[in-house]
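Secondary and tertiary structure notes
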Amino acid sequence: MNGADQPVRQRLLMHRRAAFHALFFFRPAHRYGMAPPMTMSSAPASSLHDQDSDAKPGYTVLNTPAGGERLACVVEAAQAGERVDRYLAACLPALSRSRIKGLIEAGCLFVGETCVREPATLVRAGMALVLEVPPAAPATPEGEVVAFTVLFEDDDLIVLDKPAGLVVHPAPGNETGTLVNGLIAHCGDSLKGIGGERRPGIVHRLDKDTSGVMVAAKTEKAHLALSEDFAARRIDRAYLAFCWGLPAPAAGEYEGAIGRDKRDRKRMTLTERGGKWALTRYTTLRAFGTAAAKVECRLATGRTHQIRVHFSAHGHPLMGDPLYLRRLPAIARQLPAAARDVALDFPRQALHAARLGFTHPRTGAELLFETPMPADMQALEQALAESGND
């Protein structure tokens, strides 16, 4: 079970534990008057200390299933205070620093059971690091059988309903089993290379745990035209979501530049400098008292995690969101126990791309596709409606 599949309450407990471990492991030892003990379940810690304190950084290869490697390093006194990505680049010369940085941000670096995702973390003497390096992936994606529903298809493009849990394109940690792999199997090798080797046919994306309508190009001409339409905001798209609390006013706009969160590279955040302008228009479709709401969102821009960031920043995080719902919402107490349990245990962000309209790049026809919410979101709405707060 991955983090996105865990109920909110379990994830929040894990966050608190991880925060404690991070506080303990990543502060200079002199603040505590001692160095915390470092243990590793995969190999005896003593076997990793058999080096001179003046020796150059070295590493031990631990046994790993599935063809990858687990590389273990123990920080010597001479390397204390280095950024962890720089330290590992010196310790593991076969890997470039950019590759190491990508692995760290993908959650492949561990100190004991604590995952380290920040490349700028400073190491200290005695810290035992384990970097999990996945097996080499093909230079270009290969076709695989992947389940998705086709809504429309011709020689130029394909429109589909992406299920929640499906990654759109290969990336560190998800090199296979993606929508791209499924599209290559469905459309044939002619799709390879359309718009790029690693993301053939992809002109936009949805987060892994967001469901809904997507379009992919099958020719270079279609890819160029659709990409230009997305960039010029000529696409009609709408999302359905369930959020905590009741947005005020009932219909309005959330605006603010979005950039990478410097403290957590997996998250995006509103920022005053370095971000990209973003605008989300929303309409409340159904209120469940003041505890929750079903909303429709229309994007004037298409930034990473845009809806999730905007709603979280304004105090209305999406139900089930594994990144932006970091504490149990107090307003959940307004729901009856049964509805509260369903809402708090919803296993993903409650977000569905319900509508996609665009101009066909070859024929000029106006196309519009709509899909209903998947079964899990319908069950969530029913539970909230039965709470009596509707």
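Not measured: the values here are computed from a predicted model. Throughout this description, residue numbers start from 1 for each chain and increase along the sequence as written. Totals for whole chains, interfaces and linings use every residue, but because this is a predicted model, local features are given only for residues with pLDDT of at least 70 and side-chain atom pairs only at 80 or more, for both listing and counting. Note: side-chain values were computed over all heavy atoms of the structure, leaving out hydrogens and water.

**Structural notes on the overall build of the chain**
Along the chain, the regular secondary structure elements total eight helices and 16 strands. Type-normalised accessible area, obtained with a 1.4 Å probe on protein chains alone, sets the label of each residue: buried when under 20%, exposed when over 50%, and partly exposed for intermediate values. Here the chain holds 390 residues, and the buried ones make up 46% of them. Contacts spanning at least 24 positions in sequence make up 66% of the contacts within the chain whose residues lie at least 6 apart. Accessibility throughout is a Shrake-Rupley quantity obtained with a 1.4 Å probe, and a residue counts as covered only by protein chains that appear here. A total accessible area of about 18,800 Å² is found for the chain, and carbon and sulfur atoms account for 51% of it. The secondary structure listing takes helices from DSSP runs of H or I that are at least 4 residues long and strands from runs of E that are at least 2 residues long, numbered from the N terminus. Any two residues whose heavy atoms approach within 4.5 Å are treated as being in contact.

**Here's the deal with helix α4 (residues 179–187)**
Counting buried residues along α4, seven of its nine residues qualify, which places the element largely inside the surrounding structure. Taken together, the buried positions of α4 are Leu179, Val180, Asn181, Gly182, Leu183, Ile184 and Cys187. Looking one or two places after α4, you find Gly188, whose phi comes out positive at around 95°.

**Let's talk about helix α8 (residues 375–385)**
Along α8, the residues that are buried comprise Met377, Leu380, Glu381, Ala383 and Leu384. Along the long axis of α8, the arc covered by the buried residues comes to 160°, so they all point the same way. Taken together, the buried residues of α8 touch β9 (236–244), β13 (279–288), β14 (292–299), α7 (337–344) and β15 (351–359). Relevant arc is that of directions from the helix axis to the C-beta atoms, nothing else.

**Description of the layout of surface pockets**
Estimated volume of the second largest pocket: approximately 690 Å³. A cavity, in this analysis, means grid points on a 1 Å lattice covering only the protein atoms where a 1.4 Å probe fits yet has no way out; a pocket is instead an open set bounded by protein on both sides within 12 Å along at least five of seven lines, and a residue lines either one if it has an atom within 4 Å of a point. Forming the boundary of the second largest pocket are 29 residues, of which Arg205, Arg237, Gly302, Arg303 and Thr304 lie nearest the centre. Of all elements in the fold, only α5 (220–231), β9, β11 (258–260) and α6 (306–313) reach the threshold of two or more residues within the lining of the second largest pocket. The residue classification treats Ala, Val, Leu, Ile, Met, Phe, Trp, Tyr, Cys and Pro as nonpolar and Asp, Glu, Lys and Arg as charged. All others, Gly included, are polar. Across the lining of the second largest pocket, the residue classes tally to ten nonpolar, eleven polar and eight charged. Grid points are joined across faces, edges and corners, and a volume is the space filled by probe spheres set on the points.

**Describing the packing of α7 against α8**
As a rule, the C-alpha atoms of each element are fitted with a line to give its axis, helices using only the stretch in contact, and angles between N-to-C directions run from 0 to 180 degrees. Packing of α7 against α8 brings their axes to within 8 Å, and their N-to-C directions diverge by 155°. Between α7 and α8, the crossing angle belongs to the class labelled roughly antiparallel. Taken as a pair, α7 and α8 cross one another with a handedness that is left-handed. For the pair α7 and α8, the contacting residues are Ala339, Val342 and Ala343 in the first and Leu380, Ala383 and Leu384 in the second. Along the lines of polarity and charge, the residues of the contact of α7 with α8 split into six nonpolar, no polar and no charged. Under this scheme an angle from 65 to 115 degrees is roughly perpendicular, one under 35 degrees roughly parallel, and one over 145 degrees roughly antiparallel; angles in between are oblique. Crossings are assigned a handedness: left-handed for a near helix turned anticlockwise from the far helix by less than a right angle, right-handed for a clockwise turn.

**Description of the nonpolar core**
By nonpolar core is meant a set of buried Ala, Val, Leu, Ile, Met, Phe, Trp, Tyr and Cys residues that side-chain atoms within 4.5 Å join together. Membership of the largest hydrophobic core comes to 30 residues, with the highest contact counts inside it found for Leu179, Leu183, Tyr239, Ile307 and Phe311. For this core, the elements supplying multiple residues, two or more each, are β7 (157–162), α4, β8 (211–217), β9, β14, α6 and β15. No other element matches α4, which puts five residues into this core. For Ile307, the contacting residues outside a window of four places in its chain are Tyr239, Thr280, Cys297, Leu299, Leu318 and Leu351. Formed by 21 residues, the second largest nonpolar core is a distinct cluster that contains Tyr87, Leu88, Cys91 and Met127.

**Quick word on the pattern of salt bridges**
Note on definitions: salt bridges are taken to be side-chain nitrogens of Lys or Arg within 4 Å of carboxyl oxygens of Asp or Glu. A full pass over the atoms with the stated rule returns 20 salt bridges. One salt bridge connects Lys218 with Glu153, and the closest N-O pair in it is separated by 2.9 Å. One end of the pair, Lys218, is in the loop between β8 and α5; the other, Glu153, is in strand β6 (residues 149–153), and 65 residues separate them in sequence. Note that Arg298 and Glu296 form a salt bridge whose closest N and O atoms lie 3.4 Å from each other. Judged by relative accessible area, Arg298 falls into the partly exposed class, the value being 31%. Classification of Glu296 by relative accessible area gives partly exposed; the value is 23%. Through salt bridges with shared partners, a single ionic network connects Asp236, Glu296, Arg298, Arg355 and Glu370.

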